[in-house]
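# A look at the structure
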Amino acid sequence: MMRADYESRADTIEIALESVDRLDYGEPVAGGRVIVHFRDDRPAMIDVIGTQHGFEETLRRAAERYGLDAETLVAVARAALAAPDRPVRLDVGARVAA
């Protein structure tokens, strides 16, 4: 389950990949427009800074770099933008072969 929150005044999206009590460090991606925060060397939260100029490609780069599901990250970010200033949750199951 992912949680995302779009803060309209700051034009930022916070995506929580898991619930953690603290973050250890963050690494910038795409010139700092995306910051991936870690807990115990695992991605735990992503901040997207400045959505006005697009964000999907930077999220896809972060997903590729850290082995995350790009489609899910983009979907939860879009959901957050659709419901500004309130958290949204997205529950995505594993892909099943047909």
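Residues numbered from 1 in each chain as written. Predicted model: local features only at pLDDT ≥ 70, side-chain atom pairs only at ≥ 80, totals over all residues. Heavy atoms only, no water.

### A look at helix α1 (residues 56-66)
Every buried residue of α1 is accounted for by T58, L59, A62, A63 and Y66. The buried residues of α1 occupy one face: seen down the axis, they fall within an arc of 140°. Where α1 is buried, its residues contact β2 (12-16), β3 (25-29), β4 (34-39), β5 (42-49) and α2 (70-82). A positive phi of about 70° marks G67, the residue just after α1. (Buried < 20%, exposed > 50% of the residue type's maximum accessible area, 1.4 Å probe, protein only. Helix = DSSP H or I, 4+ residues; strand = E, 2+ residues; numbered from the N terminus. Arc of directions from axis to C-beta. Contact = heavy atoms within 4.5 Å.)

### Overview of the pairing of β5
A large share of β5 lies buried, amounting to six of its eight residues. In terms of strand pairing, β2 meets β5 through five bridges, oriented antiparallel. Following the sheet pairing, E14 is matched in β5 by D47. Sheet analysis places β4 next to β5, joined by six bridges and oriented antiparallel. (Pairing = 2+ DSSP bridges.)

### Points about the side chain of T58
Examined against the element boundaries, T58 turns out to sit in helix α1. The residues contacting T58, other than those within four sequence positions of it, are V29, A30, R33 and V34.

### Focus: unusual backbone geometry
Phi at D40 takes a positive value of approximately 55°, unusual for a residue other than glycine. Here D40 shows up in the loop between β4 and β5. A positive phi angle, close to 65°, is found at D41, a residue other than glycine. Note that D41 resides in the loop between β4 and β5. Relative accessible area serves as the criterion here: at 61%, D41 is assigned to the exposed category.

### So, the side chain of R39
Position of R39 among the secondary structure elements: in strand β4. When residues no more than four places from it in sequence are discounted, the contact partners of R39 are V20, D21, R22, D24 and A44.

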